[in-house]
Protein chains: 2
Amino acid sequence: MKNDIPYKTYLTEDELPTAWYNLRADMKQKPAPLLNPGTGRALTAEELTPIFCEELVRQELDDETAFFPIPAEIRDFYKMYRPSPLVRAYCLEKILDTPAKIYYKFEGNNTSGSHKLNSAIAQAYYAKAQGLRGVTTETGAGQWGTALSMACAYLGLDCRVFMVKVSFEQKPFRREVMRTYGASVTPSPSTETEVGRRILAEHPGTGGSLGCAISEAVEAAAKNPGYRYVLGSVLNQVLLHQSVIGLEAKAAFDKLGVKPDLIIGCAGGGSNLGGLIAPFMGEKLRGEADYRFLAVEPASCPSFTRGVFAYDFCDTGMICPLAKMYTLGSSFIPSPNHAGGLRFHGMSPVLSQLYHDGLMEARAVKQTEVFEAAELFARCEGILPAPESSHAIRAAIDEANLCRETGEETTILFGLTGTGYFDLTAYQQFNDGRMSDRIPSDEDLAKSIAALPRVPEC
Amino acid sequence: MKNDIPYKTYLTEDELPTAWYNLRADMKQKPAPLLNPGTGRALTAEELTPIFCEELVRQELDDETAFFPIPAEIRDFYKMYRPSPLVRAYCLEKILDTPAKIYYKFEGNNTSGSHKLNSAIAQAYYAKAQGLRGVTTETGAGQWGTALSMACAYLGLDCRVFMVKVSFEQKPFRREVMRTYGASVTPSPSTETEVGRRILAEHPGTGGSLGCAISEAVEAAAKNPGYRYVLGSVLNQVLLHQSVIGLEAKAAFDKLGVKPDLIIGCAGGGSNLGGLIAPFMGEKLRGEADYRFLAVEPASCPSFTRGVFAYDFCDTGMICPLAKMYTLGSSFIPSPNHAGGLRFHGMSPVLSQLYHDGLMEARAVKQTEVFEAAELFARCEGILPAPESSHAIRAAIDEANLCRETGEETTILFGLTGTGYFDLTAYQQFNDGRMSDRIPSDEDLAKSIAALPRVPEC
């Protein structure tokens, strides 16, 4: 087969983005500010700096600056695993017999196995630059914790990871990768923090949740001199760093002379989706081009499609700031049979605002269908995808199948955020026919949503 | 840091090799032919075709043709994960404070996690082209089995893998990847074959060995119509396919205007080493250029450095052809505490001949030192290496440290054959300080070597 478009398009290292793009600068309706849960007032930089690094606070609060230069040291680190390829999915197109042109931006070619490294190195760099000793964080499936431990090992920073207990036990290998990179890994909830002890007392035997691990990591940062807390998703700063995904994708499309029509990303806290769509959404907001954007989330944790747009805590322990976002309530925990990741109860405030303003669509998909898509993709494209990424694959396949019906030659871009090498327990469930779908009932959601904090609307 | 040489050099898809290079064509002293163990005579194509695919037999026996065109379908498959990057290890150089320039050819960016896919797709392709139903094979650590299951899934071939029982039990995730790609995976020795039943009767409770799994896979191919046996290492055909690694590396170096001085590869059966060095060794054999070549093997399975150059069986069940190679004896099994892969008792006849003729050096390294090198590499280069690959890393670091003493600016190339994402049990042993070195005694080796078959020298 002779193709004008190569299978993989790599930018050269000279073509790597030199600045991150801050989508908020082009949003007419800005995302709502973080609130102090005690006062109900917008958080100031002074209130945030005990928890977050100074430069990251500046990035978090800046809704106006469009471009933040990427420091040379971070660019050097990026060069170890970036630019990531923009791949034309010829084999998938052939199997689907679709007129659609399918592309994916593959972020899994690094040991963390995902795009998380893009923000981990940035956050670790600013911690180091501020003269800190180390950082604390939480991790669920382990992608973010692995990424952060890699970044910290590279820079010589201490790294303390609170890992959701059920993942800690089910994923000993993730834990071992983090240990190889020198991180300390504590199952959460733990007895090491006040909030952990409180949660353990209230819910003995709990397997933990992301929201709970966040509470512990924040407390550990606040109480240990020389430490700050870092987070792998949801926050504005994370979307800023992840814009490198979209900037590279756009530059590669421009080189090819191709314009995508539909951009699809999986959505948990929004780090990949926000980064992937950033420059394209910027064009749409500025009226320079039009694209369809589609967020895909698990039916078992459907914050966009069944949540409410309201202020809520980012954590279970309710010690974090309040963010205005699509949320299922901070007490929501997906069914234990959910194996597909993307289990955070809320959603990035930036993406929430865009969705609320009708600039983006969202869709929830069931996990058995997600793993069917993953298997099909693995067999023809040669990459075993992360369950998270496979939500986007599912939607891309469904859209490509629609094109077969309509004959439309839609150009689809989806984010393949990572690989599934540490998710084989989930694949085994699927291979054994033991995987099922469990979707929260209206009553369950009503209960967790009713527990939302009452705060004045800004 | 501004560098003339990029971190990663990718060829374009147009620059991908269009033919494999057959090193044997340039060898004055050809590798000795495979012998029929019954007659002691060189095996003919007719005798090999019941076991191997016809085209692969042709490739196996052809010592004269220098280039074999790569079929378009295989090139298309290669484009899904190739060209692989030639990486300049700037961060490793900096940490080592060495004047050496270190490069590695990274073959781990595909789901099989190693270079094995290069030959798996070729062997599966010829099986398909011959109209076969499927293929059988053995796998130890699982890289080869995974690669073959991926290739077979892509082509719609049945894939039956005999997996060394101890690996089958220790690496359930490797098994699950193969199942996701539709392969059947049987722990070996099994009751499915005569040779498996015989070995089980003689050694009840054995954890199996590669040599034993080979015996079972060969028998399964011979007894099932429409099946042939395929192998991931040792054979001439495998080295031929793997030459794509060296051809790409050489083309990338030529683009950069750089010539390596020292080329280092890990050596188990020789598939990566043979492929990596092929075009460089060809230049040396033709007197066009000179290079140092260094094979690195585990001290616990030291076929080059402590074996003998003699005819031996490739398998434990002694049903395979005899190959003249450096061998520890087909009854040799490395200590159970050996976690670093590369556990085959013999070595590729091509590489054995080159080593015997003084064209290549060899060195054995201890596994604790190998994992120390792996950890250092992971932390500064951002890739968790396979234990196998880490043998080459160890030697590259040792050579770079020597350069620090001597001040020599040696340009080193080593083969980073794959990633260690399925080897975390071994990393855990290392992280816990439970890893030890166990090196075979002279008495043990004398015993397994004394059991070599007696055959007339050709």
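So, a few notes on the structure that sits alongside this text. Quantities reported herein were computed from a predicted structural model and do not represent experimental measurements. All chains use their own residue numbering, which begins from 1 and follows the written sequence. Chains carry letters and ligands carry numbers; both start at the beginning, A for chains and 1 for ligands, and go up in the order they are written. Side-chain atom pairs in this predicted model are given and counted only at pLDDT of 80 or more, local residue features only at pLDDT of at least 70, and totals for whole chains, interfaces and linings cover all residues. Water and hydrogen atoms were dropped before computing side-chain values, which therefore reflect all heavy atoms in the structure.

1. Considering helix α2 (residues 54-61) of chain B
Residues and elements named next belong to chain B. Heads up, the rule is: Working definition: with a 1.4 Å probe on protein chains only, accessible area under 20% of the residue-type maximum means buried, over 50% means exposed, and in between means partly exposed. Every helix listed is a DSSP run of H or I at least four residues long, and every strand listed is a run of E at least two residues long, numbered separately from the N terminus. Taken from the helix axis, the directions to the C-beta atoms give the arc we talk about. When checking whether two residues touch, look at their non-hydrogen atoms; a contact exists if any pair is within 4.5 Å.
Of all the positions in α2, only Leu-56, Val-57, Gln-59 and Glu-60 are classed as buried. All buried residues of α2 project into a common sector of 165° when viewed along the axis, lining one side. The inward-facing, buried residues of α2 abut β2 (19-21), α1 (45-48), β3 (67-69), α5 (117-129) and α11 (236-256).

2. Description of the relation of the copies chain A and chain B
The test is simple: When the copies are overlaid, the least-squares fit takes in C-alpha atoms only where the residue has pLDDT of at least 70 in both copies.
Least-squares fitting of chain A to chain B yields an RMSD of 0.0 Å, with the superposition described by an axial translation of 0.0 Å and a rotation of 180°. Each copy turns onto its partner about a two-fold axis. Within chain A, the C-alpha atom positioned nearest to the axis of rotation is that of A:Asn109, 3.1 Å from it. Looking at chain A, 100% of its interface residues are interface residues in chain B too, so the copies touch through the same face.

3. A look at the interface of chain A and chain B
What counts is decided by this rule: A quick way to say it: buried area is the sum, across both parts, of accessible area lost when two parts are put together, with a 1.4 Å probe. By definition, a salt bridge exists where a carboxyl oxygen of Asp or Glu is found within 4 Å of a side-chain nitrogen of Lys or Arg.
Every contact between the two is made by 45 residues of chain A and, on the other side, 45 residues of chain B. Across the chain A to chain B interface the summed buried area is about 4300 Å²; carbon plus sulfur atoms make up 54%. Area buried by chain A at its contact with chain B is led by A:Phe173, A:Thr180 and A:Tyr421, which between them contribute 16% of it. Between the two partners, chain A and chain B, sit two salt bridges.

4. Points about the sheet that holds strand β9 (residues 227-229) of chain A
Residues and elements named next belong to chain A. We count it as follows: DSSP bridges decide pairing: two strands pair if at least two such bridges lie between them. Only the stretch in contact is used when fitting a helix axis, every axis being a line fitted to C-alpha atoms; angles between N-to-C directions are given from 0 to 180 degrees.
What the four strands build is an open sheet, ordered β8-β7-β6-β9; its pairing is parallel. Since the sheet does not close on itself, it has two edges, and those belong to β8 (184-188) and β9, each with one partner. With strand direction ignored, the average angle separating the axes of adjacent strands in the sheet is 25°. Where strand β6 (residues 134-139) lies against β9, three bridges are found, and the strand directions are parallel. Each bridged residue has a counterpart across the sheet, and for Thr-136 the counterpart in β9 is Tyr-229. Lying on the sheet, helix α6 (residues 143-155) is in contact with β6 and β7 (158-164); it crosses β6 at an angle near 165°. Set on the sheet, helix α8 (residues 172-180) makes contact with β6, β7 and β8; between it and β7 the angle comes to about 170°.

5. Thoughts on the pattern of salt bridges
Residues and elements named next belong to chain A. The tally for this structure, following the rule as stated, stands at 56 salt bridges over all chains. For Lys-101, the salt bridge goes to Glu-409, with nearest N and O atoms at 3.9 Å. Taken together, the residues Lys-101 in strand β5 (residues 101-106) and Glu-409 in the loop between α16 (387-406) and β15 (411-416) connect sequence positions 308 residues apart. According to the relative accessible area criterion, Lys-101 is partly exposed, its value standing at 27%. Residue Glu-409 is classed as exposed on the basis of its relative accessible area, which comes to 55%.

6. Comments concerning the nonpolar core
The cut-off we apply is this: Here the nonpolar core consists of buried residues drawn from Ala, Val, Leu, Ile, Met, Phe, Trp, Tyr and Cys, with membership extended through side-chain atoms lying within 4.5 Å.
If you look at the biggest cluster of nonpolar residues, it comprises 242 residues, and the most contacted ones within it are A:Trp20, A:Ile264, A:Phe414, B:Trp20, B:Ile264 and B:Phe414. Dropping the residues within four chain positions of it, B:Ile264 is found in contact with B:Leu276, B:Leu294, B:Val296, B:Ala392, B:Ala395, B:Ala396, B:Glu399, B:Ile412, B:Leu413, B:Phe414 and B:Gly415.

7. A look at helix α5 (residues 117-129) of chain A
All names here are of chain A. Short version of the rule: Take the residue count of a helix, subtract one, and multiply by 1.5 Å to get its expected span.
In this model, α5 (13 residues) spans 18 Å end to end at C-alpha, consistent with the 18 Å of a helix rising 1.5 Å per residue. With eleven of 13 residues buried, α5 is to be regarded as a mostly interior element. Along α5, the residues classified as buried are Leu-117, Asn-118, Ser-119, Ala-120, Ile-121, Ala-122, Gln-123, Ala-124, Tyr-125, Tyr-126 and Ala-127. Positive backbone phi, at 80°, marks Gly-131, one or two positions downstream of α5.

8. Topic: the sheet that holds strand β14 (residues 361-365) of chain A
Residue and element names in this part refer to chain A. Across the sheet, seven strands lie side by side as β1-β4-β5-β15-β10-β11-β14; this open sheet has mixed pairing. Two strands lie at the open edges of the sheet, namely β1 (8-9) and β14, each paired on one side alone. Contacting β5, β10 (262-266), β11 (292-298) and β15, helix α12 (residues 271-285) runs over the sheet at an angle of about 155° to β10.

9. Quick word on the packing of helix α6 (residues 143-155) of chain B against helix α8 (residues 172-180) of chain B
Residue and element names in this part refer to chain B. Here is the rule: An angle below 35 degrees is treated as roughly parallel, one above 145 as roughly antiparallel, one from 65 to 115 as roughly perpendicular, and anything else as oblique. By convention, the crossing between two helices is left-handed when the near helix turns anticlockwise from the far helix through less than a right angle, and right-handed when the turn is clockwise.
Put simply, α6 and α8 touch, their axes get as near as 8 Å, and they point 15° apart. The pairing of α6 with α8 is recorded here as roughly parallel in orientation. Of the two possible hands of crossing, α6 and α8 adopt the one that is left-handed. Across the interface between the two elements, Gln-143, Gly-145, Thr-146 and Ser-149 of α6 pack against Arg-174, Val-177 and Met-178 of α8.

10. Regarding the environment of B:Ala151
Assignment of secondary structure puts B:Ala151 in helix α6. Counting along the chain gives 30 residues from B:Ala151 to B:Tyr181, while the straight-line C-alpha distance between them is 8.9 Å.

11. Details of the environment of A:Phe168
Residues and elements named next belong to chain A. Within the secondary structure, Phe-168 sits in helix α7 (residues 165-170). The class for Phe-168 is buried, based on a relative accessible area of 16%. Placed 40 residues apart in sequence, Phe-168 and Gly-208 show a C-alpha to C-alpha distance of 10.0 Å. Ignoring any residue separated from it by four or fewer positions in sequence, one finds Phe-168 in contact with Met-163, Arg-175, Val-185 and Pro-187.

12. Topic: the pairing of β6(A)
All names here are of chain A. For β6, the buried fraction is high: six of the six residues fall into the buried class. Of the two faces of β6, the one holding Gly-134, Thr-136 and Glu-138 and the one holding Val-135, Thr-137 and Thr-139 are both buried throughout. As paired strands, β6 and β7 are joined by six bridges and run parallel to one another. For Val-135, the partnering residue across the bridge sits in β7 and is Cys-159.

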